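Here are the chains, one letter per residue:
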Amino acid sequence: MKLLVIGSGAREHALCRSLSLDPAVTALHCAPGNAGIAEVAELHQVDALDGKAVAALATELDADLVVVGPEAPLVAGVADAVRDAGIPAFGPSKEAAQLEGSKAFAKEVMAAAGVPTARSYVCTTPEEVEEALDAFGAPYVVKDDGLAAGKGVVVTGDLEKARAHANACDRVVIEEFLDGPEVSLFAITDGETVVPLQPAQDFKRALDGDEGPNTGGMGAYSPLPWAEADLVEEVMNTVLQPTVDELRRRGTPFSGLLYAGLAITSRGVRVIEFNARFGDPETQVVLARLKTPLAGVLLAAAQGTLADLPDLRWSDDAAVTVVIASHNYPATPRTGDPIEGLDEVAAQDAPHAYVLHAGTRRDGDAIVSAGGRVLSVTASGTDLVRARERAYAAVDRIRLDGSHHRTDIAAKAAAGS
């Protein structure tokens, strides 16, 4: 199989790493990629939001499958353009990707499918915003209706901050606060059959102790030793399958990766949000634990044959990933700083720990920072304690001026496991 992966972050590096280890993959391409992905795939320049350009590249490469990583190209219809060119694509159509592209659309689908979620109001005027904030009270949960790269959500006890964020959005979803721990559960689907992956938990706040501003995610771990044994089955029956069935019923079948962001509340599982693609940084730990070769699973989803596949096989090991972020992230990050220590990790920590690149680029012989989240340092171990030790040992070898990372990824779960 010849594959083309679209994207340039640590999620795409994790996908490319897994695909590069799959014996069925004979050629692996990525566009536009990054300095780390270049070690496992051939890079190509392309505008990831230009469906015609992506389809043309896939045709030129004679690709058997195109995997669209980020949400923006999916919402822009890139997967549709690839399929229109006669090439299988892993990723939902433009219409189905509205499940992530519009919070209001997602709420509508959930209501029709009977999926448990937070009560909410969709607001387009300051008056509606005031009514909604007053109805739910603090803590306030305010979500930009459109795509916002994981940073369109404000959860705050400060009414002024909530009001300011709401009024800065054209259309906003204001909802009740959901108590309890959060879980990310991914499922691969061809529009009918739904195959759940293993659950993970990510860390959205920038600082230790869940302090500081929201980010795209500062780390993750899997499995979740504190979760109920039947969690995946419950989410399959009450969330994932009903959502896929409802989208098919509407004539907009969803194939690709359906990501349910969940709260395990005192009243049961509730959906916080849906995403239409692999989540970052959870993908890094979920794929670290997947033993089944990945390419065949993604192709089966694209071709509508998931029901024919055997059950996925998983490692019993735990996995932890720690994000190293640029100076000033999640505000405007400083970029262009040299990254040192990558060779040391490769020499001393492999194969149990490795570095997935997010915002990096090559500058002559050096690798330099090129974004807010720069690296995802990922490690496996027999349990979370060992996986954490290995991840942080590798983090300590890396030098990036002004960078910061959380020191408490998976700490509570490891202490309780």
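Above this text is the structure in question.
Residues numbered from 1 in each chain as written. Predicted model: local features only at pLDDT ≥ 70, side-chain atom pairs only at ≥ 80, totals over all residues. Heavy atoms only, no water.

Draft legend 1. Structural context of helix 2 (residues 51–60). Considered for burial, the residues of helix 2 that qualify are Gly51, Val54, Ala55, Leu57 and Ala58. Taken down its axis, helix 2 places every buried residue within 160° of arc, on the same side. Those residues of helix 2 that are exposed and aimed more than 90 degrees away from the buried face are Lys52 and Glu60. Buried-residue contacts for helix 2 involve strand 1 (2–7), strand 2 (27–32), strand 4 (65–68) and helix 4 (78–84). Put simply, Asp50 is the residue that caps the front of helix 2, since its side-chain oxygen is 3.2 Å from the backbone nitrogen of Lys52. Asp62, located one to two residues past helix 2, shows a positive phi value of around 55°. (Buried < 20%, exposed > 50% of the residue type's maximum accessible area, 1.4 Å probe, protein only. Helix = DSSP H or I, 4+ residues; strand = E, 2+ residues; numbered from the N terminus. Arc of directions from axis to C-beta. Contact = heavy atoms within 4.5 Å. Polar contact = N/O pair within 3.5 Å; in protein donor to acceptor, adjacent residues only side chain to side chain.)

Draft legend 2. How the structure looks around the environment of Gly191. Take Gly191: it is sitting in the loop between strand 10 (182–189) and strand 11 (194–196). Not counting residues up to four positions away in its chain, the partners in contact with Gly191 are Val244, Arg248, Phe254 and Ser255.

Draft legend 3. Structural view of empty space enclosed by the protein. Applying the stated criterion across every chain, the model contains two cavities of 30 Å³ or more. In this structure, the largest cavity encloses a volume near 50 Å³. Taken together, Lys103, Ala106, Lys107, Met110, Lys143, Glu175, Ile272, Glu273 and Phe274 make up the lining of the largest cavity. Sorting the residues of the lining of the largest cavity by element identifies helix 6 (103–113) and strand 17 (268–275) as the ones contributing at least two each. Counting residues per element, the lining of the largest cavity draws most heavily on helix 6, which supplies four residues. In terms of residue class, the lining of the largest cavity is made up of four nonpolar, no polar and five charged. Around the second largest cavity, the lining residues are Val68, Gly69, Leu74, Phe90, Gly91, Pro92, Gly256, Leu257, Ala276, Arg277 and Phe278. The residue inventory of the lining of the second largest cavity, partitioned by class, reads seven nonpolar, three polar and one charged. (1 Å grid on protein atoms, 1.4 Å probe; cavity = no way out; pocket = protein on both sides within 12 Å on 5 of 7 lines; lining within 4 Å. Points joined across faces, edges and corners; volume = space filled by probe spheres on them. Nonpolar A, V, L, I, M, F, W, Y, C, P; charged D, E, K, R; others polar.)

Draft legend 4. Quick peek at a negative patch on the surface. On the surface, Glu127, Glu128, Glu131 and Asp134 cluster together into a patch of negative charge. With respect to the secondary-structure elements, Glu131 resides in helix 7 (residues 126–136). Judged by relative accessible area, Glu131 falls into the exposed class, the value being 60%. (Patch = residues over 30% accessible without salt bridge, like charges linked within 9 Å, V, L, I, M, F, W, Y side chains within 5 Å. Areas by Shrake-Rupley, 256 points an atom, 1.4 Å probe, with all protein chains shown as cover. Salt bridge = Lys/Arg side-chain N within 4 Å of Asp/Glu carboxyl O. Lys, Arg positive; Asp, Glu negative; His and termini not counted. Charge placed at Lys NZ, Arg CZ, Asp CG, Glu CD.)

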